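What the coordinates show
For reference, the chains in residue letters:
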Amino acid sequence: MLRRRLISLVLLRKLLTAAICLIAVVALFSVHFHIVPSSKDHKFNDKITTTRDLQSWTRELAPPHLSKAALQTPKLNGSIRDSDYEKLWKPPSNRGFLPCTTPSPNYTTPVESRGYLLVHTNGGLNQMRSGICDMVAVARILNATLVIPELDKRSFWRDTSNFSDIFDEDHFINSLANDVKIIKKLPDELVNETRKVKQFISWSGMDYYENEIAKLWEDYQVIRASKSDSRLANNNLPPDIQKLRCRACYEALRFSPRIEQIGKLLVEKMRSLGPYIALHLRYEKDMLAFSGCTHDLSLDEAEELRIIRENTSYWKVKDIDPIEQRSKGFCPLTPKEVGIFLTALGYPSKTPIYIAAGEIYGGESHMAELRSRYPLLMSKEKLASFEELEPFFNHASQMAALDYIVSIESDIFIPSYSGNMARAVEGHRRFLGRGRSISPDRKALVRLFDKLDQGTITEGKKLSYRIIDLHRRRLGFPRKRKGPISGTKGMDRFRSEETFYANPLPDCLCRTEPSPQNISDVVK
């Protein structure tokens, strides 16, 4: 009897021990499961919502050459938490700032015209855009009738487009009717009239135009501005003139209906893929030749760019040290560097990216590493049919206008270089309070990229947090436009200012809720 009891007790102990072990194993497995979740449980793009109403495009619009596997590419090693992704996608708060372009009560309709202002714009699309808006303000200052500006047809791109090919001419004229009288062409009786051709001094204020230029009306009925870019000061102009610049740029200077139609189509197709990044990848032949940047290029490619720079007469600087240029942050990021940057910020590899650019120098040979990280690289050529894009072929400015529209509407805008396009898009998005714009700190990034190449650091969480901390201060929305760099003088002083069209605050963005004292605290 005693032996039977002992046997029963031993069996009971074994049974309890087994049960305890089983419970421990289950608990351990449960903890492990929650720490390392399956990628299937975190479809990041599905969690993100946009503040704008999306069109009902279907997934069938995804380009046929992209396989299902490409759309489901897992995140790269070293990526950061999903909560950090959400912070990067979420639009920054506008802190109550809204567009305010209404003129003051003392603002009057155009007075009797003193003469006609002809304008020859110069540069690419966005350089011409800002120049046109400046000339609207100059015409107002001079009490002049503005003739629809002539677009640059001699720049690097040799675009033959006229004003009405790119912009809605009638809308431009009618929208500014209470500000400036604008006509489509010079009256016939003045076509052969002697005119004064003048290159206005860059970054000039009211005194220059009201005194020196206004005197020309005494001898001439027609003044022709031979250039339009940066002819008006960024700061210290009357509020009504600053607001007029914003009305001209963000309300009157609308793209032509044909460009608007295709631009809207491209935006809708990008939104059908989910939240998207518009990447202004300034890795084009003209940019690299102009800047002298040859990092990661072959000797033959570098020589080709040098010859282009030598043979372009209006590019003044010919002898450029590419290593020094890059170390100072004066070079656009390469496609490879952009891929490292986006990965470090935490964007998953399935993120749709719209390449807002012309032809990338070197083509696929320089795009391969970026594409290996982000297979969903889209462009207007991939999203639109040949027939839809055919009217825009051989017209670089019209193609750039399509990129501009998609960039304005993007959830994230990232320029690889702070040129005219980058500044124009960032300023427009600030004005509209739309999305997030991230301007890479190229000078600091170059040092990190070089360490990666040297093997002294590797990709992973450490690099990610360094790059995020570096750019955290660049992700905010409202801030006052930067003035000149301390210690600079003359033209360098004006050149160092943040351009008006890159940041229209405080002139065209107002915050009425807090007291003026609180406003100054926000915009400093």
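The protein chain goes by O-fucosyltransferase family protein in an unreviewed UniProt entry, where it is assigned to Pisum sativum. In the Pathway (unreviewed entry) part of its UniProt record, the protein chain is described as follows: "Glycan metabolism." Among the UniProt annotations of the protein chain, the heading Subcellular location (unreviewed entry) holds the following wording: "Membrane".

A few points about the sheet that holds strand β2 (residues 115-119)
The strand order across the open sheet built from 5 strands is β4-β3-β2-β6-β5, with neighbouring strands paired in parallel fashion. Strands with a single pairing partner mark the edges of an open sheet, and in this sheet they are β4 (182-183) and β5 (196-198). Two elements, β5 and strand β6 (residues 222-225), share 3 bridges in a ladder whose sense is parallel. Bridging from a neighbouring strand, Val-197 pairs with Arg-224 of β6. Contacts from helix α5 (residues 125-142) reach β2, β3 (144-147) and β6 within the one sheet, and its direction differs from that of β3 by about 155°.

Quick notes on the nonpolar core
Counting residues in hydrophobic clusters, the biggest one holds 81 residues, and the most contacted among them are Leu-117, Phe-172, Phe-200, Tyr-209 and Phe-255. The element best represented in this core is α5, accounting for 11 residues. In contact with Tyr-209, other than residues within four places in its own chain, are Val-138, Ile-141, Leu-142, Phe-200, Ile-201, Ser-204, Ala-214, Arg-231 and Leu-232. Membership of the second largest hydrophobic core comes to 44 residues, among which are Ile-277, Tyr-283, Leu-345 and Leu-445.

Topic: the pairing of strand β7 (residues 277-280)
Regular strands place their side chains on alternate faces of the sheet. Burial of β7 is two-sided: the residues Ile-277 and Leu-279 facing one way and the residues Ala-278 and His-280 facing the other way are all buried. Here β7 pairs with strand β8 (residues 353-355) via 3 bridges, running parallel. Looking at the pairing, Ile-277 lines up with Ile-353 of β8. Pairing between β7 and strand β10 (residues 412-415): 4 bridges, direction parallel.

With respect to the side chain of Arg-245
Within the secondary structure, Arg-245 sits in helix α9 (residues 239-252). The residues touching Arg-245, leaving out its near neighbours within four places in the chain, are Cys-133, Asp-134, Ala-137, Leu-232, Ala-233, Asn-234, Leu-237, Phe-500 and Tyr-501.

Regarding the pattern of salt bridges
Side chains carrying opposite charge are able to pair once their charged atoms draw close together. Throughout the structure, instances matching the rule amount to 25 salt bridges. Across the pair Arg-282 and Asp-286 runs a salt bridge, and its minimum N-O distance is 3.0 Å. Side by side, Arg-282 and Asp-286 carry an identical accessibility label, which is buried. Glu-498 is the partner of Arg-430 in a salt bridge, and the nearest nitrogen-oxygen pair spans 4.0 Å.

Examining the packing of aromatic side chains
Taken as a whole and assessed by the stated rule, the structure comprises 12 aromatic pairs. Their ring planes at 20° and their centres at 4.5 Å tell us that Tyr-250 and Phe-431 sit as a pair that is stacked. In this pair, Tyr-250 sits in helix α9 while Phe-431 sits in helix α19 (residues 420-432), placing the two residues 181 residues apart along the sequence. One exposure class covers both Tyr-250 and Phe-431, and it is buried. The rings of Phe-163, Phe-167, Phe-172, Phe-255 and Tyr-404 are connected pair by pair, giving a single aromatic cluster. Over the ring of Tyr-404 we find Arg-129; its NZ or CZ atom is 4.7 Å from the centre of that ring.

What counts and how
- Residues numbered from 1 in each chain as written.
- Predicted model: local features only at pLDDT ≥ 70, side-chain atom pairs only at ≥ 80, totals over all residues.
- Heavy atoms only, no water.
- UniProt positions renumbered as here; feature names shortened; annotations may be inferred.
- Pairing = 2+ DSSP bridges.
- Helix = DSSP H or I, 4+ residues; strand = E, 2+ residues; numbered from the N terminus.
- Contact = heavy atoms within 4.5 Å.
- Axes fitted to C-alpha atoms, helices over the stretch in contact; angles between N-to-C directions.
- Core = buried A, V, L, I, M, F, W, Y, C linked by side-chain atoms within 4.5 Å.
- Buried < 20%, exposed > 50% of the residue type's maximum accessible area, 1.4 Å probe, protein only.
- Salt bridge = Lys/Arg side-chain N within 4 Å of Asp/Glu carboxyl O.
- Phe/Tyr/Trp six-rings, centres within 6.5 Å; stacked < 30°, edge-to-face > 60°.
- Lys NZ or Arg CZ within 6 Å of the ring centre and 35° of its normal.

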